Amino acid sequence: MRIGALLRRACAKEAGEEFKSAIEDFEMALSIDPTNHIIFLVRAKFYSSEERPNFDLALTDINKCLQLCPDGNLAGRNYYAMLKYRLASTSQSQVEMEKVKRHLRETMKQFPDSSETIGLYCQVLLDVKEIREAIKYLDKAIQLDPDNGMLLVYRAQAKLSSKGGSLDQGFLSMSNPHLEDATTLLIEELEYALKIDEQCRMAMEMLATAYSQKGESERAIRYLEMAMKHVRSVTELAQLQTFHLIITYQPEINKEILACGMDPETLRNSLNKQQLL
């Protein structure tokens, strides 16, 4: 069996949660060609999946991928950056985040027309609150790849952040209470992203959050159910199902909160502030 067929079969087995058998296919591919950097790249993605992440093994494989193909390896450099970014974000390490930024700047010098690299760089910039810089680079990336829905979603996030807002699954928080129009502008940006890229699940999830915040539960659930059709793992499906329950029962929860003498919006903002401390 050829290497390409083995890798495709391994990925199919991963989707079917046949993890041990998938690993055997990777080993079989390496027995055919132990110097093939693509095998290490694909296996690094396998080891870093949300279902069963093992970042030590993933980093070992992606480093081997870059060692075998140090020049012209855009996919390897980008995935290395993604792994290091996830680790830096989880550990909240500013030092590691700066290393990721430096790596991505070097990659952009080598591949100035890579919208994927610029998009990754913008994710990091948004994470460290360098909003204006993120918007500048996102505009460039969108010029290079105007049909990329994810880039449009990142720009929507950046514009919301520039107005003092933030958006996480289930919560839209605003640091400035006079910016009521920010939600409407966000929805316009996200619906445009979904119009350009009908498969953009992140746009669907964020629209569900925004409409839930506006109290439009039916629209929120509609977008959430659209997103469920595009999940890639059981974990992702479980997260969306939990969010679905929150939206479905939010009106009843709000009634209970009001019955206790509290305001739902005030309570939500208080919880958001606690999350930031």
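Residues numbered from 1 in each chain as written. Predicted model: local features only at pLDDT ≥ 70, side-chain atom pairs only at ≥ 80, totals over all residues. Heavy atoms only, no water.

A. Up close: the side chain of S114. Tracing the chain through its elements places S114 in the loop between α6 (94–110) and α7 (115–127). Side chain to side chain, S114 and T117 meet in a polar contact 2.8 Å long. (Helix = DSSP H or I, 4+ residues; strand = E, 2+ residues; numbered from the N terminus. Polar contact = N/O pair within 3.5 Å; in protein donor to acceptor, adjacent residues only side chain to side chain.)

B. Local environment of helix α9 (residues 149–162). If you check α9, its first and last C-alpha atoms are 20 Å apart, about what 14 residues at 1.5 Å a residue would give, namely 20 Å. Every buried residue of α9 is listed here: G149, L151, L152, V153, Y154, R155, A156, A158 and L160. Measuring from the side-chain oxygen of the N-cap residue of α9 to the backbone nitrogen of M150 gives 3.0 Å; that N-cap residue is N148. (Expected span 1.5 Å × (residues − 1). Buried < 20%, exposed > 50% of the residue type's maximum accessible area, 1.4 Å probe, protein only.)

C. How the structure looks around the pattern of salt bridges. Scanning the entire structure with this criterion turns up 14 salt bridges. Ionic pairing is found between R77 and E106, a salt bridge with its closest N-O pair at 3.8 Å. Of the two residues, R77 sits in helix α5 (residues 74–91) while E106 sits in helix α6, which places them 29 residues apart along the sequence. A residue is classified by how much of its surface remains accessible, and R77, at 12% relative accessible area, is buried. With a closest N to O distance of 2.8 Å, K159 and E189 form a salt bridge. (Salt bridge = Lys/Arg side-chain N within 4 Å of Asp/Glu carboxyl O.)

D. How the structure looks around the packing of aromatic side chains. Considering all chains together, one arrives at five aromatic pairs under this definition. With a centroid separation of 5.1 Å and an interplanar angle of 85 degrees, the aromatic rings of Y121 and Y137 are classed as edge-to-face. Here Y121, found in helix α7, pairs with Y137, found in helix α8 (residues 131–144); they are 16 residues apart in sequence, far enough to count as distant. For Y121, a relative accessible area of 4% puts it in the buried group. Considering the side-chain rings of Y211 and Y223, the 5.9 Å spacing of their centres and the 0 degrees angle between planes classify their relative orientation as stacked. (Phe/Tyr/Trp six-rings, centres within 6.5 Å; stacked < 30°, edge-to-face > 60°.)

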